[in-house]
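Reading the structure
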Amino acid sequence: MVRDEIATRDPELAHHTVTERYSAHRPRFSGSTRGFRFRLTVTQAGELGIDEIVHSMDARSWAEPYPAFMAVHVRRGWYRWQAGRDELALPPGAVGRFHDSAMVLDWSDVVAGIVRLSTGLVARVAATRTDIAVADFRFEGMAPVSAAMARAWVGLSAFLDAQAAAAGETLANPLIRASLAEHVATTALAVFPNTTMTAGYVPGPRRVEPAVIRRAVAYIEAHAAEPITVAQIAQVCGVGPRGLQAAFQRHLGVSPTAYLRRARLDRAHRDLVDTDPTGGASVAAIARRWGWGHPGRFAEAYREMYGQSPSHTLRA
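Structure report, in brief. Worth saying up front: this structure is predicted, and the values here are computed from it rather than measured.

1. Thoughts on the nonpolar core
Membership of the largest hydrophobic core comes to 30 residues, with the highest contact counts inside it found for Ile53, Val72, Tyr79 and Trp81. Listed by contribution, the elements that provide at least two residues to this core are α1 (11-21), β3 (38-45), β4 (48-63), β5 (69-83), β6 (86-90) and β8 (103-117). Of all hydrophobic cores here, the second largest spans 29 residues; its members include Val95, Val125, Leu160 and Phe192.

2. Side note on the environment of Pro65
Among the secondary structure elements, Pro65 is positioned in the loop between β4 and β5. Spatially, the C-alpha atom of Pro65 lies 23 Å from that of Asp109, the residues being 44 residues apart in sequence. Ignoring any residue separated from it by four or fewer positions in sequence, one finds Pro65 in contact with Ser23, Asp100, Ser101 and Ala102.

3. Remarks on the pairing of β5
For β5 and β8, the ladder comprises 12 bridges, and the chain directions are antiparallel. Each residue of the ladder has a partner; that of Tyr79, found in β8, is Trp107. One ladder, built from 3 bridges, connects β5 with strand β7 (residues 95-97); its direction is antiparallel. Along β7, the bridge assignment pairs Ala71 with Arg97.

4. Some thoughts on the pairing of β6
Regular strands place side chains that alternate from one sheet face to the opposite one. Sheet topology places β5 next to β6; 5 bridges connect them, and they run antiparallel. Following the sheet pairing, Gln82 is matched in β6 by Glu87. Count of turn residues in the β5/β6 antiparallel hairpin: 2 residues, of which Gly84 carries a positive phi of about 60 degrees.

5. Looking at the pattern of salt bridges
Throughout the structure, instances matching the rule amount to 14 salt bridges. We note a salt bridge from Arg75 to Glu52, for which the minimum N-O separation is 3.0 Å. Highlighted residues: Arg75 in strand β5 and Glu52 in strand β4, separated in sequence by 23 residues. Here Glu52 falls in the partly exposed class, since its relative accessible area comes to 23%. Between Glu140 and Arg138 there is a salt bridge, with the nearest N and O atoms lying 3.4 Å from each other. Glu140 gets classed as partly exposed once you look at its relative accessible area, which sits at 35%. Overlapping salt bridges, with partners in common, bring together Arg39, Glu52, Arg75 and Asp161 in one network.

6. Observations regarding the packing of aromatic side chains
Evaluation of the coordinates by the stated rule reveals 13 aromatic pairs. Ring geometry for Tyr79 against Trp81: centres 5.7 Å apart, planes inclined by 55 degrees, an arrangement best described as tilted. Trp81 shares its class with Tyr79; the two are buried.

7. Some words on the packing of helix α6 (residues 210-222) against helix α9 (residues 256-274)
Between α6 and α9, the least distance of the axes is 10 Å, while the angle of their chain directions is 40 degrees. Classified by the angle between their axes, α6 and α9 sit oblique to one another. As for how α6 packs across α9, the hand of that crossing is right-handed. Of α9, the residues touching α6 (which contributes Val217, Ile220 and Glu221) are Pro256, Tyr259, Leu260, Ala263 and Arg267.

Thresholds, definitions, all that
- Residues numbered from 1 in each chain as written.
- Predicted model: local features only at pLDDT ≥ 70, side-chain atom pairs only at ≥ 80, totals over all residues.
- Heavy atoms only, no water.
- Core = buried A, V, L, I, M, F, W, Y, C linked by side-chain atoms within 4.5 Å.
- Buried < 20%, exposed > 50% of the residue type's maximum accessible area, 1.4 Å probe, protein only.
- Helix = DSSP H or I, 4+ residues; strand = E, 2+ residues; numbered from the N terminus.
- Contact = heavy atoms within 4.5 Å.
- Pairing = 2+ DSSP bridges.
- Salt bridge = Lys/Arg side-chain N within 4 Å of Asp/Glu carboxyl O.
- Phe/Tyr/Trp six-rings, centres within 6.5 Å; stacked < 30°, edge-to-face > 60°.
- Axes fitted to C-alpha atoms, helices over the stretch in contact; angles between N-to-C directions.
- Parallel < 35°, antiparallel > 145°, perpendicular 65-115°, else oblique.
- Left-handed = near helix turned anticlockwise from the far one by under 90°.

Following this line, the structure appears as structure tokens:
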């Protein structure tokens, strides 16, 4: 996990910083440079990036494509983007996705949150839910599919900002990083138009034998401390992700992800039982060790499973 911040009052340095971090662009600034402010805060956690950009000048720029998924939440000022015939106006509060082709950007006195993610990860997550091959996946528009989905992304952006601010405690954990990146990918698939929404009829997955479920469960139990994915589990078991998902629901009544979460909750329970609280251990630290970045959600899940609070188990 890497966190970096660059601040300057020099428009040319701001230009070079944006080019270096995102993609080549050729800005034309308008107005006086007096009082210009630029700040870029970047948090990189594996395949997930969480940024905030402040750019006080009005400008127009041609920009090359960004080679991954990138979505923007405008908090102040405005953007206007054009990619071929696709145009998007982004006033304060709006959400948009950078296009996969070259763009013309206009902006004015912008403060915006940026979420970046490997497109390959999004495609892999999409493949666990549909029969679309990773190589065939793509996003198809810049605007969210609905106002409700735009609000969902705004909420996610705020949550990610909080995680980035507490990066030393949360995003430093590989289990939390992997879980958060998969959550972002899943949300991106629901918010922005993509090929999973336009695919035709998809036949149901082929039947998976109980022996495959047993292998999958054994693999999860053996690797619960690692940032494993449904796609990895399915590959180890020699089946497709959708087939594994359906088989878990049919035989165990839960998804592979839910089973993995339960296995990690069990490991956290064991640590709470075995740890001497006088040694300085805390519920939050144990929860983070097993991929739970939100103490409240951990406590809720723990209480539902074990009938008492995690702090009570630790003290006992």
